[in-house]
Amino acid sequence: MAQMLARVEMLRTLPPQAFWPAPKIESALVRMTRDDKLGGEAAAFGRFVHKLFSFRRKTLRKALAQAGIDADSALTKTGLDAQVRPEVLSGTQLLSLFHAAGAASAPSAG
């Protein structure tokens, strides 16, 4: 969602010692500049991504099917590999899948 609503730039990494208590990981300082690529579709796209990522450890084909989307049609329209996991898709690929699935015009489920 961040990539679709803003330009995200990593400025630098921060060592654990920059925080108290020090975490066991490095952190990153990022700059986000608003660059909305979704417009009025933001809410529907957010619901689509949330639904798809509920099944992110499944293959893309299974995740789409379990989310109630015609997987074969969406995958054919986008040319995406049915065997990848949703978590590896870029924001642009997710947006393409969103449009191919017809989720932009689908009514919200609650």
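Everything numeric here is computed off the predicted structure, so don't read it as measured data.

About the cut-offs
- Residues numbered from 1 in each chain as written.
- Predicted model: local features only at pLDDT ≥ 70, side-chain atom pairs only at ≥ 80, totals over all residues.
- Heavy atoms only, no water.
- Helix = DSSP H or I, 4+ residues; strand = E, 2+ residues; numbered from the N terminus.
- Contact = heavy atoms within 4.5 Å.
- Patch = residues over 30% accessible without salt bridge, like charges linked within 9 Å, V, L, I, M, F, W, Y side chains within 5 Å.
- Areas by Shrake-Rupley, 256 points an atom, 1.4 Å probe, with all protein chains shown as cover.
- Salt bridge = Lys/Arg side-chain N within 4 Å of Asp/Glu carboxyl O.
- Buried < 20%, exposed > 50% of the residue type's maximum accessible area, 1.4 Å probe, protein only.

Draft legend 1. A look at the environment of Gln93. Along the chain, the position of Gln93 falls in helix H5 (residues 91–100). Distance from Gln93 to Thr33, taken between C-alpha atoms, is 21 Å for residues 60 residues apart in sequence. Each residue touching Gln93, except ones within four places of it in the same chain, is listed here: Leu80 and Val88.

Draft legend 2. Fine view of a nonpolar patch on the surface. Judged by side-chain polarity, Val8, Met10, Val30 and Met32 come together as a nonpolar surface patch covering roughly 380 Å² of accessible area. Going through the elements one at a time, strand S1 (6–14) and strand S2 (27–34) are the ones with two or more residues in the nonpolar patch. With respect to the element layout, Val30 can be found in strand S2. Take Val30: its relative accessible area is 43%, and that puts it in the partly exposed class.

Draft legend 3. A look at the side chain of Thr59. Within the secondary structure layout, Thr59 lies in the loop between helix H2 (42–53) and helix H3 (60–66). By relative accessible area, Thr59 is classed as buried at 16%. Excluding its chain neighbours within four sequence positions, the residues that come into contact with Thr59 are Ala82, Gln83, Val84, Arg85 and Pro86.

Draft legend 4. Summary view of the pattern of salt bridges. A complete count under the given rule lists six salt bridges for this structure. Residue Glu87 pairs with Arg57 through a salt bridge whose shortest N-O separation is 2.6 Å. Residue Glu87 is located in the loop between helix H4 (71–78) and H5, and its partner Arg57 is located in the loop between H2 and H3; the two are separated by 30 residues in the primary sequence. Classification of Glu87 as partly exposed rests on a relative accessible area of 34%.

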